[in-house]
Amino acid sequence: MVNMDVFYDKEIDFLKERILTQFREIEGTTPVERVTRFFQGKPEKVPITLVLADEWSAHYRGFTTREVSTEAKKLVLSHLNMCARFNLDMWGLTFPHLYLIGPSAVGTKLSFPEDSTPMISEPIVKKPSDVEKLEVPDMRNSGQMPYVWETYRIVEERLNDVYPMVGERTAWLNTGCCGHPFDFAAVLRGISQLYIDVKTNPKLVKKLCDFSADCIIEIGKIAKKDFGITNFFLAGAAVGMLSAEQYLEFDFPATLKIKKALEPYGVKVSCFIFKDPKIVDAITDAGMTFLGLPMPVVFSTTYWTPQKGWYPSDEDLIRDREEAESRGWPVFVFFLGHWLQEASPRRIEQRIRRTVEILGPSTPILPVSLPRGTPIENIDAYVKAMRKYAVSE
Amino acid sequence: MNREELLKQIERGILNGSIDEVPKLCKKALEMNISVEDILEAMENGMKQVGDKYEKGEYFVPDLLVAGEAMKAGFKVLEPAIKVEKTTFPATIVIGSVFGDIHDVGKNIVAYMLRSAGFNVIDLGVDVPFETFIKKAEEVGADIIAASAYTSSTMWGLRTVIEMAEEAGLRNRGVKIIIGGAPTNQAFADSIGADGWAVDAPSAVKLVKRLLAERKEHVGRN
């Protein structure tokens, strides 16, 4: 009987060497050096990665979505293959179902379809009184948390010199394994029910967000203790559909609680991207950033408004540039990966060039949420265009 | 409280998402012999304002959902009366999230709002096998199939629904297929040959009305 685990270990070693060799020969640097130089403001090609490309990378490597959602080594391997194929500077490693993992430790039942991201079988807080029964679980061993820690362990022990998990310089989405408290609560309660509770039972929503914060704090403490993380990133989905007032009433106090609890451990908390200036101001005024970045940035994105198109228009880019200038922050473009799937290589090259013309060559331009059907030649076109036009001064 | 005041309160109840209040008001309206159509119209007006506020960015998803819940609670009270009056709906819509997709928030909101606009909505739920859309549409003589997908991996199922509808000859018979869901947009809808795409529930209602009006006009011309 073949022990596939040994093969996978060898593949990780091979890919690591391949990435380092490719980088030395083609890029003349290493991914870590590039990212470090970029954040130090030194001239460098703008770092690139493919964010939320779990399904694409799984299929590229020949794994099912279920496999990478349950087996740490396969998740790491699939991302590593993608990084090697496109010479990516940053580890865009996320978990395909990162919103569900923490709540699974609390007891939320998940189902794992073979070729789709995991789903909630049943919310755990069926009636409001159920919230009283909730207890913060052992976040090291409960639910799917061991899968997270195993992923971290592989990266920490074997890939730290290529794509480190630790530290602000490369944090980005690396350490993201759970969502904002509201997202955590939405899984516990059921997403649509929690939205209804926002209007009909605000006390329950606050209680759930507060409980979620306690769970997230435990995750953050373990991530610090075992892996030395210095930046704890909270992803966002359901939370992005709230008004600024609702966000500030329900999620923000719980997020602040996490920040205060992790601060003494030397861990900074960073939030997901938000567009509403009231939310952006509240987060940055409290000393937090976004996406694990070392500084606050203005995001030019249609992430929350895909109906406007998958790539920000010229008008959007110009408006966001003006906002960035007024705030004294840089701009990051976060375009939806569906655009890479649909556009032609020629169009991709033109659009990246135009974006650089508008925002300047130091601007990170990153695809987020890459559909699994995205043609390789389109990703190549994106990488090529970025290497050609996006060079920080 | 007179008739007009009561209907206005129902409208406001929907606008404010008063889940407890709306059914009570509907009951009172029936007791006052106000017709179901008039009550529905008041509810629809409320829902229309909810949609307008959502479009303007004054309302958010929780506001939409709670208005939908209030609508549902009102419907429950009206349902027996609707059956008695045999209210004729302007069209039948078969709606569902495509195979492999279990997301129902957006789809439910669209279904609520279509119902509130007076359409006969048959909600197939989530994770709906492609052929079920087609079979159900044939069975009930649907005017529109509304299919939704929330993830980039399931969105291609929307194309399958369209292809199967074509294969079954539904499109030749004038059945329109509209799509929606987070990863979709107008360009995607055009690329897979959908008859329409809507960004949110209020736009879905507008789209359905437009498509039906166009179809009527087309039939009228022929």
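Residues numbered from 1 in each chain as written. Chains lettered and ligands numbered in written order. Predicted model: local features only at pLDDT ≥ 70, side-chain atom pairs only at ≥ 80, totals over all residues.

Caption draft 1: Fine view of the overall build of chain B. If you tally the helices and strands in chain B, you get 9 helices and 5 strands. When the helices and strands of chain B are listed from N to C terminus, the series reads α-α-α-α-β-α-β-α-β-α-β-α-β-α. Whereas a compact globule of 222 residues would reach a radius of gyration of roughly 17 Å, chain B reaches 18 Å, a difference of no more than 12%. Principal-axis analysis of the C-alpha atoms places the extent of chain B at approximately 55 × 40 × 30 Å. When burial is assessed residue by residue, chain B has 50% of its 222 residues classed as buried. (Helix = DSSP H or I, 4+ residues; strand = E, 2+ residues; numbered from the N terminus. Rg over C-alpha atoms; globule rule 2.2 N^0.38 Å. Buried ≥ 20, exposed ≤ 12 C-beta atoms within 10 Å, placed from the backbone.)

Caption draft 2: Representation of unusual backbone geometry in the model. Residue and element names in this part refer to chain A. Phi angles above zero are rare outside glycine, and L52 is one such case at about 55°. Relative to the assigned elements, L52 resides in the loop between β1 (44-45) and α3 (54-61). Despite not being glycine, L291 shows a phi value in the positive range, around 55°. Along the chain, L291 turns up in the loop between β7 (289-290) and β8 (298-301).

Caption draft 3: Spotlight on the domain arrangement of chain A. Residues and elements named next belong to chain A. Domain parsing of chain A yields domain 1 (23-52 + 297-393) and domain 2 (54-80 + 89-296). Taking only C-alpha atoms, the centre of domain 1 and the centre of domain 2 are 24 Å apart. Taken together, the contacts link 23 residues of domain 1 with 23 residues of domain 2. Among the elements of the structure, α2 (31-39) and β8 are those that each provide at least two residues to the side of domain 1 that touches domain 2. Ranked by residues supplied to the side of domain 1 that touches domain 2, first place goes to α2 with 6 residues. Here the side of domain 1 that touches domain 2 is composed, by residue class, of 17 nonpolar, 4 polar and 2 charged. (Domains from an automatic or database assignment. Contact = placed C-beta atoms within 7 Å. Nonpolar A, V, L, I, M, F, W, Y, C, P; charged D, E, K, R; others polar.)

Caption draft 4: Layout of the nonpolar core. In this structure, I10(B), I93(B), M113(B), L114(B), I145(B) and A204(B) are the most contacted members of the largest nonpolar core, which totals 197 residues. At 11 residues, helix α10 (residues 202-227) of chain A tops the list of elements feeding residues into this core. With near-sequence residues (within four places) excluded, M113(B) lies in contact with M47(B), G51(B), A201(B), P202(B), A204(B) and V205(B). (Core = buried A, V, L, I, M, F, W, Y, C linked by C-beta atoms within 7 Å.)

Caption draft 5: Representation of the interface of chain B and chain A. Every contact between the two is made by 22 residues of chain B and, on the other side, 24 residues of chain A. When contributions to the side of chain B that touches chain A are tallied by element, the ones reaching two or more residues are α4 (61-85) and α5 (105-116) of chain B. Here the side of chain B that touches chain A gets 6 residues from one element, more than from any other, and that element is α4(B). Looking at the side of chain B that touches chain A residue by residue, the classes come out as 12 nonpolar, 8 polar and 2 charged.

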